[in-house]
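# Analysis of the macromolecular model
So the chains spell out like this:
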Amino acid sequence: MANTVYDNIVLSNKMNDILKTKVDLNSYLTIDTSMTEQAGMKKVINTYTATGNVEDLAMGAGNTDDISVSFTSAEYEVKTTQGRFQYYDEQAMKDPMVVEAGLEGIAKTMVNDFTTKAIAEFDKTTATVEAVAYNFAMVVDAIAAMNVESEEGMFLLISPADQADFRKGLNNDLKYAESFVRTGYIGTVCGVPVIISKALTKGKMFLATKEAVTLFIKKDTEIEQVRDADTRNNTVYIRKVAVVALTDATKVVKITVAGQ
């Protein structure tokens, strides 16, 4: 019987293609593939804040105040996120999609894991809006709390458990478009797309931009295979070295609903 083991480079390319095309992380966080740290090492994230004012000066006068910069540091441990799947030569020969399906399963599960970690980072924000009900005002208040000039780039993440109450509460303030059905959005509020995520819990929503959280990830995918030649059993391990971190706490506001 022919040996159906796939080359590591082939599997790596397939995995990266699936991550790029079938599961999109780019909608709600920044992807940084320049990370050089190894698993077990620490990555320090500095968040900077500039304070001070510019001044109108008369001739011959100088500034009386400086623009100063302060920063807070958070330390994250770089971790290896690994998936494993197993198949027999006979299975791959009978159906060539077996390996493709295994890779896709790992990719989706891996992205779900990164998403859960991203939500945990959103939850670290100190900017909060406490709403008495699901209504238009809570979204307006959250946008105001973000304190930016434009809603461009913002999105609102809500739980599937909130979807019915959200739609009822906002009624005609939730605007629909055909494209939202295809992209996973359920509509917009104040021009902000509303996205459903199973990683959230009922009564807790996040208004954010993708700058709030960054996925620092090694560009290369690590592949390791183990094969039992006697039984023709193949086990494939796929790893990504990554850190999910809150990188700009000013770009996320947590919305909670009383009684939820």
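Residues numbered from 1 in each chain as written. Predicted model: local features only at pLDDT ≥ 70, side-chain atom pairs only at ≥ 80, totals over all residues. Heavy atoms only, no water.

## Notes on the nonpolar core
Counting 43 residues, the largest nonpolar core has F85, F122, V213 and I238 as its most contacted members. Listed by contribution, the elements that provide at least two residues to this core are helix 1 (8-21), strand 4 (79-88), helix 3 (97-122), strand 6 (155-158), strand 9 (204-208), strand 10 (213-217) and strand 12 (233-246). Broken down by element, this core gets its largest block of residues, 10 residues, from helix 3. Aside from chain neighbours lying at most four places away, what touches I238 is M15, T81, Q82, G83, F85, L103, I106, M110, T221, E222 and I223. With 23 residues, the next largest nonpolar core counts M138, I143, I158 and V194 among its residues. (Core = buried A, V, L, I, M, F, W, Y, C linked by side-chain atoms within 4.5 Å. Buried < 20%, exposed > 50% of the residue type's maximum accessible area, 1.4 Å probe, protein only. Helix = DSSP H or I, 4+ residues; strand = E, 2+ residues; numbered from the N terminus. Contact = heavy atoms within 4.5 Å.)

## Describing the environment of I67
Looking at the secondary structure, you find I67 in the loop between strand 2 (42-51) and strand 3 (68-77). Each C-alpha atom, one on I67 and one on A50, is 6.7 Å from the other, the two residues being 17 residues apart in sequence. With residues up to four places along the chain from it excluded, the contact list for I67 reads A50, T51, G52, N53 and V54.

## Details of the environment of K117
Locating K117 in the fold gives a position in helix 3. Sequence spacing of K117 and V243 is 126 residues, and the spatial spacing of their C-alpha atoms is 9.0 Å.

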